[in-house]
Each structure stands twice: as structure tokens, then as C-alpha cells.
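The primary structure of each chain is shown beneath.
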Amino acid sequence: RALGALGKNHAGAAEAMNDILAQVATNTEGNRNSGNAILYECVRTIFSIDCEDALRVLAINILGRFLQNRDNNIRYVALTMLGKVVSVDKDAVQRHRDTIVDCLRDMDVSIRVRAVDLVFALISQSSIEVLSKEILNFLVVAPPEQKKDLCSRLLDAAINFSPSKQWHIHTLISMMCIAGRNVTADTWQMATALIGQPEAEEFRPQVVHRLFAALNEDASQTGLVYTAVWAIGEFGPVLLQPAEKFEGDGYYDALSEAEVLELLEKTRRRHDSTIIARSMIMNAYAKLYVRFSESQAHISELLHAYRSSMNLELQARSCELSTLVASQIDDSWLAQMPVPTDEEMALRRVTASQNSDEESSLGGGSDSEESSSEDSDASSDDEAAKKAARRKAKAAKKKAGGSGAGGSSNELLQFDDIFGGGGGSGNGGAPAAGATGAGAGAGSGNQMDLLADIFGGGGGGAAPSAPAPAPSAPMPSSGGDDLLGMLGGGPASQPVGESFPTLNAFEKNGIKVTMNFARGPGDKQVVVTATYSNSNSAPVSNFLFQAAVPKFISLKMEPPTGNALAPFGGGQQQQRINLVNSMQGTKPIVMKVKISYSMGGQDLVEQATVQGFPMGL
């Protein structure tokens, strides 16, 4: 370790150490823990200095021997170190690929996690086919909480290193067959785009046949259902002809129109079929109406399935498509949908990544904490010093925020940039009636005008409302035990506190957020109780409410009572939000919110600007 510190960033010292390190690494036996400790420190030193390539290969071979040790601690250390050095010499680490892959089947979960990270780091153009099979095998036995991350990482690896579109499509299908419930929308949307591209026309029959067979075997995998239903609707006629299986494993038999429609109907009737899946099946029926020649009458009957549905989307789709096919339609009306090209998909990924980076600055219900590395090394002190310097710089910026008119404008502009948007959001819920207004005095009016300009509120045209009534002074009590004034000493009563109107902060797509207010125990503190409800017929899961406020307001969000909203307004959830308005009486509270949730198998995100907080808070 001392040699590593002396040879770091010193070419002459590093060159003089090469022979010494080579002798230590070669002559030290690894039969005991003391020898393994020396070898590990020798490997760390080799990678901390600028040494010869042969010495690096020797160090990686030592780590490869560590992987064959029966001690789980030594194997874990080896996997961690290989993960750090794989970017230095990937080819040398590739020589131990089989041993690393064996670690995916280890009983120790920590070793499996490290091995997965290392396998993904080893993926390249030449190794993607072999390693993707190992990852898919591991995906079968992976815990449910790990599958979503594995699918997302494998999707990225396939995008970057795919040897062909045919392999890319079949890999995505295999992934959805194993973990279709856990894949994100990006996976099945990528699969549908690749299947629809002109380059896939040559092998498209085998792809559609495989999707049909996979759907027939397991219709519980949501991503697989979406992809298969879309492909059958767009390219259903290819199922009426036999097709060769992938990698020459035989042939798929030709199917009849009745068999295709029977599978779609069986999928539609499943108890776990989502609204999206049923809507896509309705679309597939309409598409097959102009593609099949013997089943038009049967398809017309199937399209009537949701004419009386309680779900508005399904009812509208059923009625519209039934009317469409009953009229004298042109086949071009239901022609194949155009799909994005590779360049367009790459542009969408870049845009989505940029939006994700912009949103990463939002608070998610609790104060953010500095994350610490699991494995501390010689540079940990430097990193800690850098983090401390960054925290001091942030604190200095807060103090220099300014409290004048110019400072107010800058604060609000920065607040508006948090969500990456300018002006008001069309998704925002309207303030509650009578709750919006300017305070008394010109300064307060200017403040509201400025907010209107920033958030797109249309200027200061709204008439100011009357200020909130002054709180009634509490009447004196005769003592702590004289609760009802029955022991003499004058009439006693409890203090009369302020009451504030409920604010309808957000309401869209059946999701409603209301806010109730109360004075907090601290100076200028406001306690907001946010209530979340769902009036849709479908339940909502993964509900997340995030908020951002200007610099003159401090915000602390406590954990919500839950993240699932029952349908029809049942099972409401609540969350307490503590606000401290340092400019109370001068500037009103404003807030930008972001609401994300899952409903009907679809992930939704809404943003809104909340104004109309009661005056005096």
C-alpha cells in the first residue's frame, strides 16, 4: 500500500517497482489468508500505478484464482476488484469469463449481484450472444425485485451491441417470455418497432409465429401480450403459412383464421387482462377484418364485446370500430402502422435520458442524503472533502439568495426551471374557488403579477380576494383541570384556532389531490395534509407525489400512508408536508408538483403548478 502511494502519478517510481511487485505476486502462496491479503494488496498497488501491461495481466490472473477459492469473502473481493479494473483491460478479464458466469449460480446473493454487474461490464460486440444467454438463464431464477433492473440493462446492451435485427428481436421476445410482467414499456415498444421495420420482412413470419406460440403458452406476461397482439393484428396473414423456426430448430405449422381469433378472444377474456391489452385486441380485430377473407362476420360480432362496457375507452373503441367495419371502408384505412426508424428511436432515447436527468433534482418524499461507497479505499478521504466543499458552496448560495424584488424574481425563475419547463403546465389542477387572490398592498399585488407571468397564469387580471380573518384571541382558562369551566373562575373555553379552506390542488384523469392546512408549532410553519384519491374503475399503484418550492420556502415531506389508490374513491392515502415560509405575509406560497403512477398497465406522469394557497400562510 505504501508503494502504491509513492508510485501514484510518478513514472520513475512506478517503473522501479515493477520487478518488486512481480516477485511478490509470483512468490507469495495463496494457501492462507495472510498470503491472500498480501496478494490482494499487491493487485491494488499494481492498478494504482502506471505499470507494464504484463504486470496487469498477472494481477487479473491472481483475481481469477481468487474466484476459484471456496471462501465466499475472497470470491466477493475478487469480483469487486474485477469490476473496478474491467475498464482497464477487458480482454484479460474476458479470459476468466466462464468462472465469472459460474458465480451467477452461487448460493450467496451478494456474490450473484457482483457477478451480474461484472457480466454486464464484459458485454461487447463479440460476447453479447454468449453472455446474453447466461443473463436470460439467470433471469429465470432472479428475485422479482431484481428482474426489472436486469431487463432494463439487457435492453440497453442489446441496443448497443446487437449483431443483427433478427437476434435483437428474438432476444427481446425471450426476455418478455421470462419476465414480461417486469419489463418496462420501452422493451415491448422497441420489439414492435423492430418487427415492423422493412428490414425484418425476411424473417417476420418466424417472429410472428413465435409470438403466437408464446402467447398461447403464457398470456400472463404483460409485455409479451402487448407485443404479440400488435404483431398478430398487423401481420396476421403470415400465420396462415408455415414458417421456419429461429436457428433452424424445425418449422411452425400453418394456422387457420379461427385459431388466431380464438387465441385473441381467450386472451381478452382473461381475468388479469389489462385495459391496454383489451384495447389492443379490439384494434387487432379491426385490422384482421381487412386481412382475413373468411372471418369478417365473426370479427364483426367480436367487435361488439364492449359496446356496453363501463370503461369509456373500451366502449368508445368498440362502437367506433364496429361502425367502421360495417361501412364500406377502404383497406388503406386499416393499413400497417408506420414504425420509427433506428435513428428516430435513438433520438427518443436521448431525449428521454435528458428529461430524466432534469427530473433527478426533484424531492421524492424525504430528504436526500449523500450516498457512501461500500468499499472505501485510499481516495475516500478526497471524495469526502469534495462532498463537504460542495455542501458548503450550496449553503453559501442559499445565503446569497437575496430578499429584495430582484432576488424574488431570480428565486422564482430558478424554481420554475426545476421541472425543465417554462410557464404554466397544462396538466395543473385549477385552484379552489375563492382561494386565489393577491394580498393587500402594492407589493403583494406585484408578487402575484410576477407569478402569473412566470407560470403562464395570464397576468394579474384576477380580482384580489378579501384577506383571511384575523384569528380570535384564546379566552383565558381557569386552570389545566378546569376543562369545562365547572370549577368556577369564569367561563372557560378551548382556544379558537384559524380555519383555512380546502385547496383542490390537482384533478385530472380521475386522480385528485386536495390539501388541508393548519398552523404548525414553529414560527411561520404550516402543516399541509395532502389527500390522494382515485375515482377511476381501475386501481392505481406506485403512486408518487413530488413537490418543489421557491428558495424562500423550506419543505419537508413525510412518508405517505401508502402508494396504492383503490378504485371508485375508496382507500384514500394521505401525506403530511411541512412548510416554513420565511416571507410569510409578504410572499404567498406557490408549489410545483409532479405526480407519477401506474394504472391499467401504463405508467403515467403529470405536472402541475399549484397556486391559490390561503392568504396569511
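Everything numeric here is computed off the predicted structure, so don't read it as measured data. (Residues numbered from 1 in each chain as written. Predicted model: local features only at pLDDT ≥ 70, side-chain atom pairs only at ≥ 80, totals over all residues. Heavy atoms only, no water.)

A. Spotlight on the sheet that holds strand 3 (residues 503-508). Spatially, five strands are ordered 3-4-5-8-7 in an open sheet, and the strand pairing comes out antiparallel. The outermost strands of the open sheet, each flanked by one partner alone, are strand 3 and strand 7 (553-557). In this sheet, neighbouring strand axes are inclined to one another by 20° on average, regardless of whether the strands run parallel or antiparallel. In terms of strand pairing, strand 3 meets strand 4 (residues 511-519) through five bridges, oriented antiparallel. The residue bridging Lys-508 from the neighbouring strand is Ile-511, located in strand 4. (Pairing = 2+ DSSP bridges. Helix = DSSP H or I, 4+ residues; strand = E, 2+ residues; numbered from the N terminus. Axes fitted to C-alpha atoms, helices over the stretch in contact; angles between N-to-C directions.)

B. The nonpolar core, seen in detail. With 110 residues, the main nonpolar core has Leu-82, Met-175 and Tyr-285 as its most contacted residues. The greatest single-element share of this core, amounting to 10 residues, is contributed by helix 16 (residues 275-291). Here Leu-82 is in contact with Ile-60, Leu-63, Leu-67, Val-93, Ile-100 and Leu-118, once residues within four sequence places are set aside. The next biggest cluster of nonpolar side chains, apart from the first, holds 36 residues, and it includes Leu-503, Val-526, Val-549 and Ile-595. (Core = buried A, V, L, I, M, F, W, Y, C linked by side-chain atoms within 4.5 Å. Buried < 20%, exposed > 50% of the residue type's maximum accessible area, 1.4 Å probe, protein only. Contact = heavy atoms within 4.5 Å.)

C. Just unusual backbone geometry, in detail. Positive phi is not limited to glycine here, since Asn-509 has a value of about 55°. With respect to the helices and strands, Asn-509 occurs in the loop between strand 3 and strand 4. Accessibility expressed as a relative area gives 41% for Asn-509, which makes it partly exposed. Phi at Asn-542 is positive, roughly 55°, even though this residue is not glycine. Here Asn-542 lies in strand 6 (residues 540-548). By relative accessible area, Asn-542 is classed as partly exposed at 48%.

D. Geometry of the packing of helix 15 (residues 257-268) against helix 16. The N-to-C vectors of helix 15 and helix 16 enclose an angle of 160°; their axes lie 10 Å apart at closest approach. Judged by the angle between their axes, helix 15 and helix 16 are roughly antiparallel. With respect to the hand of their crossing, helix 15 and helix 16 are arranged in left-handed fashion. Contacts between helix 15 and helix 16 involve Val-260, Leu-261, Leu-264, Glu-265, Thr-267 and Arg-268 on the former and, on the latter, Arg-278, Ile-281, Met-282, Ala-284, Tyr-285 and Leu-288. For the contact of helix 15 with helix 16, the per-class residue count stands at eight nonpolar, one polar and three charged. (Parallel < 35°, antiparallel > 145°, perpendicular 65-115°, else oblique. Left-handed = near helix turned anticlockwise from the far one by under 90°. Nonpolar A, V, L, I, M, F, W, Y, C, P; charged D, E, K, R; others polar.)

E. Main features of the pairing of strand 5 (residues 525-534). Counting buried positions along strand 5 gives nine out of 10 residues, so the element sits mostly inside the fold. With nine bridges joining them, strand 4 and strand 5 adopt antiparallel strand pairing. Residue pairing for strand 5: Asn-516 is matched across the bridge by Thr-529. Turn length for the strand 4-strand 5 hairpin, with the two strands adjacent in sequence and antiparallel, is five residues, and the turn residue Lys-524 shows positive phi of about 60°. One ladder, built from eight bridges, connects strand 5 with strand 8 (residues 573-581); its direction is antiparallel. Paired with Tyr-532 across the two strands is Gln-573, which belongs to strand 8.

Scope: geometric values only; no functional claims are made or implied.
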